[in-house]
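A look at the structure
For reference, the chains in residue letters:
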Amino acid sequence: MEIAQEKPVSFFRFEDLRVFTKATDYSAWLIKNLGEPGNETQRTLVNTFCRSSYDIALNIAEGSSRNKSHFEHYLKIAKTAIRESIAYTTIARAVGLFDERRHDQSREYLMELTRMIGALIISLQRGTRRRDEGELPADEGGSVLDDDMDTSF
């Protein structure tokens, strides 16, 4: 009989969040799939597009070290970066940096990230409402991931 080994918990707990992994996967995909910029204007577009994609993961990481209400705030900022990335996706297609297939792939990544972050926000709000109703102890200001939080998001 083989005993299943559990993956060790990361020192930086946000690395255990599926949404963080998906966000970093998107940034890596974007770097590999953006076409070669043909001029300075396109180089600027590529740089700002990549920056928005990085901001998704960066805000997840930063917010995870905060209390639940702050984490929710950072997740909303990550959703803003997703909307920026949607706009950049459309522009990249219009100027020829993305073909139709890559355009659609980028949108799929971003829609999935939106759903994942939305579900995580709802989960955090549900926990806050239960605490407000006296079912959970008050948040003492530590990292939201210090709790036994479900990292499947």
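What comes next concerns the included structure. (Residues numbered from 1 in each chain as written. Predicted model: local features only at pLDDT ≥ 70, side-chain atom pairs only at ≥ 80, totals over all residues. Heavy atoms only, no water.)

Take the overall build of the chain next. Per the secondary structure count, the chain includes four helices and zero strands. Walking the chain from its N terminus toward its C terminus, one meets helices and strands in the order α-α-α-α. Relative to its full complement of 153 residues, the chain shows a buried share of 41%. Excluding contacts between residues fewer than 6 apart, the proportion of contacts in the chain whose partners are at least 24 apart in sequence is 74%. As displayed, the chain offers around 9,200 Å² of accessible surface, 51% of which is attributable to carbon and sulfur atoms. (Helix = DSSP H or I, 4+ residues; strand = E, 2+ residues; numbered from the N terminus. Buried < 20%, exposed > 50% of the residue type's maximum accessible area, 1.4 Å probe, protein only. Contact = heavy atoms within 4.5 Å. Areas by Shrake-Rupley, 256 points an atom, 1.4 Å probe, with all protein chains shown as cover.)

A surface patch of nonpolar side chains, about 270 Å² in accessible area, is lined by Ile31, Tyr54 and Leu58. Taking relative accessible area as the criterion, Tyr54 reaches 31% and is therefore assigned partly exposed. (Patch = residues over 30% accessible without salt bridge, like charges linked within 9 Å, V, L, I, M, F, W, Y side chains within 5 Å. Salt bridge = Lys/Arg side-chain N within 4 Å of Asp/Glu carboxyl O.)

Our next topic: the environment of Ala78. The residue Ala78 is located in helix 3 (residues 68-94) in this model. For Ala78, a relative accessible area of 0% puts it in the buried group. As for Ala78 and Leu58, which are separated by 20 residues in sequence, their C-alpha atoms are 8.0 Å apart. Those residues within four positions of Ala78 in sequence are excluded, and the remaining contacts are Ile56, Asn59, Ile60 and Ile117.

Attention now goes to the packing of aromatic side chains. Evaluated as defined, the whole model comprises nine aromatic pairs. Aromatic side chains Phe14 and Phe20 sit 4.8 Å apart centroid to centroid with 75° between the ring planes, which places their arrangement in the edge-to-face category. Across this residue pair, the class does not change: Phe14 and Phe20 are buried. On the numbers, 5.9 Å between centres and 75° between planes, the contact of Phe49 with Phe98 is edge-to-face. Here Phe49, found in helix 2 (residues 40-64), pairs with Phe98, found in the loop between helix 3 and helix 4 (100-132); they are 49 residues apart in sequence, far enough to count as distant. Across the pair, exposure class does not vary: Phe49 and Phe98 are buried alike. (Phe/Tyr/Trp six-rings, centres within 6.5 Å; stacked < 30°, edge-to-face > 60°.)

Our focus in this paragraph is the nonpolar core. If you look at the biggest cluster of nonpolar residues, it comprises 34 residues, and the most contacted ones within it are Tyr26, Leu34, Ile56, Ile60 and Ile117. Those residues within four positions of Ile117 in sequence are excluded, and the remaining contacts are Val19, Ile56, Ile60, Leu75, Ala78, Lys79 and Ile82. (Core = buried A, V, L, I, M, F, W, Y, C linked by side-chain atoms within 4.5 Å.)

This part covers the side chain of Gln42. If you trace the backbone, Gln42 turns up in helix 2. On the accessibility criterion, Gln42 (15% relative accessible area) is buried. Among the polar contacts made by the side chain of Gln42, one reaches the main-chain amide nitrogen of Gly38 at a distance of 2.6 Å. Not counting residues within four places of it along the chain, the set of residues in contact with Gln42 comprises Glu36, Pro37, Val95 and Leu97. (Polar contact = N/O pair within 3.5 Å; in protein donor to acceptor, adjacent residues only side chain to side chain.)

A few words on helix 3. Its 27 residues place the ends of helix 3 39 Å apart at the C-alpha level, agreeing with the 39 Å of an ideal helix rising 1.5 Å per residue. For helix 3, the set of buried residues is Lys68, Phe71, Glu72, Tyr74, Leu75, Ala78, Ala81, Ile82, Ser85, Tyr88, Thr89 and Ala92. (Expected span 1.5 Å × (residues − 1).)

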